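The primary structure of each chain is shown beneath.
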Amino acid sequence: METENEDEIDIFRPVFVRNLGSFKDEKIIKILCGVRRCGKSTILKTFKNTLLADGTPRANIVERLYSSMEYPRDFDADAMYKDLLRAIERADKGKKVYLLLDEVQEIADWEKCVNTLFETRNVDIYVTGSNSKLLSSEISTYLTGRFVLIPVYTLSFAEFIEFKKTFVPELKNASADEYFDLYLKSGGFPFIAKTNHTQEENYQIVDGIYATVVTRDISRRHTISNLDMFNRVVRFVLENLGKNFSAKTIFDFFKSRQRSVSIETIYNYLAWLEEAFIIYRCSRYDIQGREILKTQEKYYLSDISFKYSQFGYSPKSVAAVLENIVYLELRRRGYSVCIGKFADREIDFVAAQQDRKIYVQVCRTLPEHSDREIGNLKAVKDSYPKYVVTMDSSVCGIEDGIKIVHIKDFLLEEL
């Protein structure tokens, strides 16, 4: 049950390949986690190529794609274990065997199989999954101290440019502004970046992913009986991208339209969307009190194209989309990200990484004497870097120590 041969794949997204390489041969399970079609499988395959280039015998690299039709519905952890054990026994003796296991969440109790092999065989294990249940408390307990999580997001703007230059010859010499316009309107799914489809064609393709995850994966896994209401809640989240709301907000919205859904059900729907990496929850942080607040979170999409696939592209939604793009970029760079609350003011993002912190306001344009963007940042008196990120090139510069930068530059520069 081998995956198809793709030895000719070039190494893209090298940061992930290097990250995997930094943990190579360490006694720890490497887990790549992210939304479907964000590039996890290709990262795993390019890592395989580095193993081959380093002289690893082909027989000592065992690949499995568990979302493949090769694996029947009754293929369980026991069958998984027996299959992998046979492959390990065929490998060159005395040498480590590399297990590259793709979409493991398709196999119930996969962690028991992986843990047994991890403990009893000379293996180095890499797995991918499209559901955060990979890290549920049960699995974390089973693999406690034995795994490292490597989040995989859709393409950054820098990666998007590289893909376009490589795979779309007619766009090889496009300007940064042209690339950003494409990125803004199409999102960061790798297979979109490798083509030159129209916007409508791109949205149709992404709608297929949306249907797979929302309609099939989530509804089947959680046996959702009221699919109509579930889809309405999802669309509410998409429409209110980057706005403060809660399960109670959604409950009140549907109640006002004479539609009945319990708050507990809404909480479940939101949690299941998070598990499938459709959305990310962004909590509010009291900058003065230095504590996470438990109300009025915001939700951002794992890729902005999900919104477009359901509602189309609209210039009216650009401000929220820019916020979403910046949020994802901060997450890609390893920051933990919160919404900042400072007295009665709000900072779009407070991003922290070890002993580093930055504050970021995002706006489409920056009105003259803008109190919200500049004033809110000025109110925070510490010495950490502060940014206003905008699409308005005419205002870029530094004002009272606050850096006003065009979003394309913010996405490409080191922070």
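For clarity, every value in this text was computed on a predicted model and none was experimentally measured. (Residues numbered from 1 in each chain as written. Predicted model: local features only at pLDDT ≥ 70, side-chain atom pairs only at ≥ 80, totals over all residues. Heavy atoms only, no water.)

**Q** Kindly report on helix H6 (residues 157-167), identifying the contributing residues and their values.
**A** When we look at burial in H6, the residues that qualify are Phe157, Glu159, Phe160, Ile161, Phe163 and Lys164. Taken together, the buried residues of H6 touch helix H1 (14-22), helix H7 (176-186), helix H8 (190-193), helix H14 (318-332) and helix H16 (407-412). (Buried < 20%, exposed > 50% of the residue type's maximum accessible area, 1.4 Å probe, protein only. Helix = DSSP H or I, 4+ residues; strand = E, 2+ residues; numbered from the N terminus. Contact = heavy atoms within 4.5 Å.)

**Q** Explain the confidence of the model for the chain to me, and be specific about the residues and the numbers.
**A** Caution applies to low-pLDDT parts of the model: their predicted coordinates are not meant to be read in detail. Confidence in the prediction of the chain, expressed as mean pLDDT, is 91, and 95% of residues score 70 or more. Here helix H5 (residues 137-142) stands out as the least confident element of the chain, with mean pLDDT 61; H16 is the most confident, with 98. Here residues 1-9 is modelled with pLDDT under 50, and outside its nearest four sequence neighbours on either side it reaches 24 contacts, counting other chains as well. (pLDDT = per-residue confidence, 0-100.)

**Q** Explain the environment of lysine 341 to me, using residue names and the numbers behind them.
**A** The residue lysine 341 is located in strand E8 (residues 336-342) in this model. The spatial distance from the C-alpha of lysine 341 to the C-alpha of tyrosine 285 is 5.8 Å, given a sequence separation of 56 residues. Not counting chain neighbours up to four residues away, the residues in contact with lysine 341 comprise Arg284, Tyr285, Asp286, Ile287, Gln288 and Leu293.

**Q** I'd like to hear about the sheet that holds strand E9 (residues 345-353), residue by residue, with values.
**A** In a beta sheet, neighbouring strands are held together by backbone hydrogen bonds and run either parallel or antiparallel to one another. On the basis of which strands lie adjacent, the open sheet formed by eight strands has the order E7-E6-E8-E9-E10-E11-E13-E12 and mixed pairing. Two strands bound the open sheet, and with one partner strand each, they are strand E7 (291-301) and strand E12 (397-399). On average, each strand axis in the sheet is inclined to that of its neighbour by 30 degrees, with strand direction left out of account. Pairing of E8 with E9 involves six bridges; the strand directions are antiparallel. Along E9, the bridge assignment pairs cysteine 338 with valine 350. Docked against the sheet, helix H12 (residues 263-275) engages strand E6 (279-286) and E7, running at close to 110 degrees with respect to E6. Packing of H14 onto the sheet brings it into contact with E6, E7, E8, E9, strand E10 (356-363) and strand E11 (386-390), and relative to E10 it is tilted by some 165 degrees. (Pairing = 2+ DSSP bridges. Axes fitted to C-alpha atoms, helices over the stretch in contact; angles between N-to-C directions.)

**Q** Residue-level account of the nonpolar core, with values.
**A** The nonpolar side chains of a soluble globular protein tend to be buried, and buried together. Counting 124 residues, the largest nonpolar core has Met80, Leu101, Leu330 and Val360 as its most contacted members. For this core, the element with the most residues is H14, which contributes eight residues. Those residues in contact with leucine 101, other than ones at most four positions away along the chain, are Leu44, Arg64, Tyr66, Met80, Leu84, Val114, Ile125, Tyr126, Val127 and Thr128. If you look at the next biggest cluster of nonpolar residues, it comprises 16 residues, including Ile287, Val380, Val388 and Ile402. (Core = buried A, V, L, I, M, F, W, Y, C linked by side-chain atoms within 4.5 Å.)

**Q** Tell me about the pairing of strand E4 (residues 123-129), and name the residues and values.
**A** Most of E4 is tucked away: seven of the seven residues are buried. Here E4 shows a buried face lined by Val123, Ile125, Val127 and Gly129 and a second buried face lined by Asp124, Tyr126 and Thr128. Sheet topology places strand E1 (residues 29-33) next to E4; four bridges connect them, and they run parallel. Within E4, the position partnered with leucine 32 by the bridge is threonine 128. Pairing between strand E3 (residues 97-102) and E4: five bridges, direction parallel. Counted as the bridge partner of leucine 99 is isoleucine 125 from E4.

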